Amino acid sequence: MAESEQKIREGGCQCGKVRYQITAKPLTLYCCHCTECQSQSASAFGMSMWVESDGFEVLQDELSFYTRPTASGGAMICAFCPDCGTRIYHQISGDHIFTIKPGSLDDSHDLKPRGHIWTGSARAWAHPMIEACNGPTFEKEPEDFEVLMGDI
């Protein structure tokens, strides 16, 4: 695939009711070990793939939304399947970036995280995986996400 071509990716929820398509090139992909992502994913960490909102389209059915406050005083809009509850993305209110949950993609085998954030909250057994990434790591949230941007 040429550098200028973008792979179209499709995904959906666990029950298959919601289907979506991503036509925008991902801006980044990273693993987040914060306790909020651990809770949301019911796992040791969450994965976040940023895409421009105009490069995302729901193909089948409709998403439901839940809004929660952020630590900075803003609002996070969480989009999920109304039937099975699978989180598809979240977005900071007013932002043009969707943070896709790449586990909902049909095929994510070619994706590699660029780094890890909130490693201070990571499970002890996750540290060898974090080190093997060979990307930047941050004890908390980085002041500037630019270091995590680029091809995934």
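What you are looking at is a predicted structure, and each value in this text was computed from that prediction instead of being measured.

A. Structural view of the overall build of the protein chain. For the protein chain, the helix and strand inventory stands at two helices and 10 strands. Taken from the N to the C terminus, the helices and strands of the protein chain come in the order β-β-β-α-β-β-β-β-β-β-β-α. By the compact-globule yardstick of 15 Å for 152 residues, the protein chain fits well, its C-alpha radius of gyration being 15 Å. For the C-alpha atoms alone, the extent of the protein chain along its principal axes is close to 40 × 40 × 30 Å. The proportion of buried residues among the 152 residues of the protein chain is 41%.

B. Spatial organisation of the pairing of strand β7 (residues 75-80). Where strand β6 (residues 64-69) and β7 come together, six bridges link them in antiparallel fashion. Bridging across to β7, arginine 68 finds its partner in methionine 76. Hairpin connection between β6 and β7: a loop of five residues separates the two successive antiparallel strands, and glycine 73 in this loop has a positive phi of roughly 95°. Bridge count between β7 and strand β8 (residues 87-92): five bridges; the pairing is antiparallel. Opposite methionine 76, over in β8, you have isoleucine 92 as the bridge partner. The antiparallel pairing of β7 with β8 creates a hairpin that spans six residues between the two strands, and glycine 85 there sits at a positive phi of about 85°.

C. Structural detail: the layout of surface pockets. Its boundaries defined by the atoms lining it, the largest pocket holds a volume of some 750 Å³. Around the largest pocket, the lining comprises 29 residues; the ones closest to its centre are Arg68, Thr70, Met76, Ile92 and Glu141. Looking at the lining of the largest pocket, the elements with two or more residues in it are β3 (28-32), α1 (35-41), β4 (46-52), β6, β7, β8 and β9 (97-100).

D. Quick look at the nonpolar core. Within the largest apolar cluster, 17 residues are counted, with the highest numbers of intra-cluster contacts made by Ile22, Met49, Phe56, Tyr89 and Ile100. Of all elements in the fold, only β2 (19-22), β4, β8 and β9 reach the threshold of two or more residues within this core. Contact partners of tyrosine 89, with chain neighbours within four places excluded, come to Phe56, Leu63, Phe65, Ile77, Cys78, Ala79, Phe98, Thr99, Ile100 and Lys101. Counting residues in hydrophobic clusters, the runner-up holds nine residues, among them Cys34, Trp50, Ile97 and Ile117.

E. Just the confidence of the model for the protein chain, in detail. On average, residues of the protein chain carry a pLDDT of 89, and 97% of them reach 70 or more. α1 is the least confidently modelled element of the protein chain, averaging 77 in pLDDT, while β2 averages 98, the highest of any element.

F. Broad picture of the sheet that holds strand β1 (residues 9-12). Judged by pairing direction, the sheet is antiparallel, and its three strands sit side by side in the order β1-β2-β5 without closing on themselves. The strands lining the two open edges of the sheet, one partner per strand, are β1 and β5 (56-60). Geometrically, the sheet is characterised by an average inter-axis angle of 30° between neighbouring strands, direction not taken into account. When β1 meets β2, the two strands line up antiparallel, connected through four bridges. In the strand pairing of β2, glycine 12 is matched with arginine 19.

G. Inspection of the packing of aromatic side chains at higher detail. Enumeration over the complete set of coordinates arrives at seven aromatic pairs. On the basis of an interplanar angle of 10° and a centroid distance of 3.9 Å, the ring pair of tyrosine 89 and phenylalanine 98 is categorised as stacked. Look at tyrosine 89 and you get buried, because its relative accessible area is 5%. Counting every residue linked through ring pairs, the aromatic cluster contains Tyr20, Phe56, Tyr89 and Phe98.

Thresholds, definitions, all that
Residues numbered from 1 in each chain as written. Predicted model: local features only at pLDDT ≥ 70, side-chain atom pairs only at ≥ 80, totals over all residues. Heavy atoms only, no water. Helix = DSSP H or I, 4+ residues; strand = E, 2+ residues; numbered from the N terminus. Rg over C-alpha atoms; globule rule 2.2 N^0.38 Å. Buried < 20%, exposed > 50% of the residue type's maximum accessible area, 1.4 Å probe, protein only. Pairing = 2+ DSSP bridges. 1 Å grid on protein atoms, 1.4 Å probe; cavity = no way out; pocket = protein on both sides within 12 Å on 5 of 7 lines; lining within 4 Å. Points joined across faces, edges and corners; volume = space filled by probe spheres on them. Core = buried A, V, L, I, M, F, W, Y, C linked by side-chain atoms within 4.5 Å. Contact = heavy atoms within 4.5 Å. pLDDT = per-residue confidence, 0-100. Axes fitted to C-alpha atoms, helices over the stretch in contact; angles between N-to-C directions. Phe/Tyr/Trp six-rings, centres within 6.5 Å; stacked < 30°, edge-to-face > 60°.

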